[in-house]
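Coordinate inspection notes
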Amino acid sequence: IRIVVAWPPGSSIDVVVRQMAEPLRVELGQTVVIDNKAGAAGVIGAEIVALAPPDGYTLLFTSAALNMVAAMGTQTSYKVPDSFTPAVNVIWTPLILLAHPSLGVKTVQDLIALAKSKQGQLIYATAGQGSPSHFATELFRVRSGFEATGVPYRGSPQALFDVIAGRAAFLFTPASTALPQVRAGKVTALAVGSNKRLELAPEIPTMEESGYKDVRASFWNGLLGPKGLPQPVADRFATAVNRVLARPDVQASLAPAANEIDGKSGPQSFAAMIKEDMATWVEVAKAANIKPN
C-alpha cells in the first residue's frame, strides 16, 4: 500500500505517518510504503492520488491545506472534495497564538485592543500565502474585527523566528514549534486554537475560553483515497488506523508533538468534517481576499 505524503520528509505530518507505518502493516497485513511527493502546498501529492485507480493501494495523507488551496481559487487538475474518498482523520494539529513579549499583551482581548488602537500597523507573520497559519490568522482577524498587516514567510520556523526577533508582532503556529519558545520565555502564548487545553500546556487557555468560540485553529490531517474507493475499503482503513491510534506505544510516540489524536473518525464523519471545514475557509478567503501567489 502506497501512502503518498503531500509534504517533505521530516515535516510534522510525515513524522506522524511514519510512526504509524509499521503498526498499520501489521493491522492490514500489507506492506506500507511512504512516498513523499511534496510541493505546491500539497497539490503535487494530491494530484497523484486523484489520478490513481481506486483500488485501495494508493492513498493520500495530507492536511486541511487541501481545502485551503482550493478555497483561495488555486487551479488544480482535481476538485475538493469530489476527486477524493475521505477514509479517516488521524490527528488534529493545534495552532497557538503567540505574541512578542514587548507588546505587553497577556490575553487575546489585549492583543485585539492593541491591534485596533494601531489601525493596521501591527505586523503578523505567517508560514506563507494560503498556509494554515495564514488562514487561521485571517479567521481570527475577520471575526474579531481588527486590521493588521500580514507578512508571508517560507515556513513556520522562519515566521516564528521573526516574531521572536520582534520584527513581527504575533502569529499562529503549530504547538510543536511554539511550546519550546514559550517555555524559554521568548514569546507569550495567548491561546490555543483547539477545542480543549493541551495536555502538554494546560496553562494556555483555548480561543473559546478567551471569548472567541468561532475561531478554531486546529487542523485535520487524514487519509483519503481516489474518487470511487469502495466503501468497505475506506471502512477497513478507518478501522485499522483507529486501532493503531489506540495503541499506547503509538500514543506515546505522537505525544511530544502536541497533536491531538482523533481515534473516532470514519469515512462519513470525515467527509462531513471536510465539507464543513471547506465552507469556513471559502468564507475566510473571500472576506480577507486570499488569493494564490
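As a reminder, the structure under discussion sits directly above these lines.
Below you will find a few notes about this structure. (Residues numbered from 1 in each chain as written. Predicted model: local features only at pLDDT ≥ 70, side-chain atom pairs only at ≥ 80, totals over all residues. Heavy atoms only, no water.)

1. What about helix α6 (residues 156-164)?
Among the residues making up α6, those that are buried are S156, A159, L160, D162 and V163. The buried residues of α6 all sit within an arc of 160° when viewed along its axis, so they share a single face. Across from the buried face of α6, at angles greater than 90 degrees, the exposed residues are P157 and F161. The secondary structure elements touched by the buried residues of α6 are β4 (84-99), β5 (123-126), β7 (170-174) and α7 (175-183). Immediately beyond the C-terminal end of α6, within one or two residues, lies G166, with a positive phi of roughly 85°. (Buried < 20%, exposed > 50% of the residue type's maximum accessible area, 1.4 Å probe, protein only. Helix = DSSP H or I, 4+ residues; strand = E, 2+ residues; numbered from the N terminus. Arc of directions from axis to C-beta. Contact = heavy atoms within 4.5 Å.)

2. Thoughts on empty space enclosed by the protein
To find leftover empty space, a probe the size of one water molecule is rolled over the atoms. Enumeration according to the criterion identifies 1 cavity of 30 Å³ or more in this entry. Taken as a whole, the largest cavity encloses approximately 30 Å³ of empty space. Taken together, V17, M20, L24, F61, V90, L223 and V241 form the lining of the largest cavity. Tallying contributions element by element places helix α1 (residues 12-28) first for the lining of the largest cavity, with 3 residues. (1 Å grid on protein atoms, 1.4 Å probe; cavity = no way out; pocket = protein on both sides within 12 Å on 5 of 7 lines; lining within 4 Å. Points joined across faces, edges and corners; volume = space filled by probe spheres on them.)

3. Here's the deal with the pairing of strand β1 (residues 2-5)
Strand direction decides the pairing type here: β1 and strand β2 (residues 33-36), joined by 4 bridges, are parallel. In the sheet register, V5 faces β2, and the bridge partner there is N36. In this fold, β1 hands off to α1, which returns the chain to β2; that crossover is right-handed. (Pairing = 2+ DSSP bridges. Right-handed = clockwise from strand over helix to strand, strands pointing away.)

4. Digging into the pattern of salt bridges
When the charged atoms of two side chains with opposite charge come close together, those side chains can pair. Counted according to the given criterion, the structure contains 11 salt bridges. Residue R243 is joined to E27 by a salt bridge in which the shortest nitrogen-to-oxygen separation is 3.6 Å. Of this pair, R243 sits in helix α8 (residues 231-245) while E27 is found in helix α1, placing the two residues 216 residues apart along the sequence. Under the relative-accessibility criterion, R243 is labelled partly exposed at 48%. What you see here is one network of salt bridges that share partners, running through E138, R141 and E147. (Salt bridge = Lys/Arg side-chain N within 4 Å of Asp/Glu carboxyl O.)

5. A closer look at α1
Compared with an ideal rise of 1.5 Å per residue, which puts 17 residues at 24 Å, α1 spans 24 Å between its outermost C-alpha atoms and is within 8% of the ideal. Taken together, the buried positions of α1 are I13, D14, V16, V17, M20, A21, P23, L24 and L28. Just downstream of α1 lies G29, where phi reads positive at about 70°. (Expected span 1.5 Å × (residues − 1).)

6. Some points on the packing of aromatic side chains
Applying the stated criterion across every chain, the model contains 9 aromatic pairs. Their ring planes at 75° and their centres at 5.6 Å tell us that F135 and W281 sit as a pair that is edge-to-face. Within this pair, whereas F135 is found in helix α5 (residues 132-144), its partner W281 is found in helix α10 (residues 267-288), the two being separated by 146 residues in sequence. For F135, a relative accessible area of 0% gives the class buried. (Phe/Tyr/Trp six-rings, centres within 6.5 Å; stacked < 30°, edge-to-face > 60°.)

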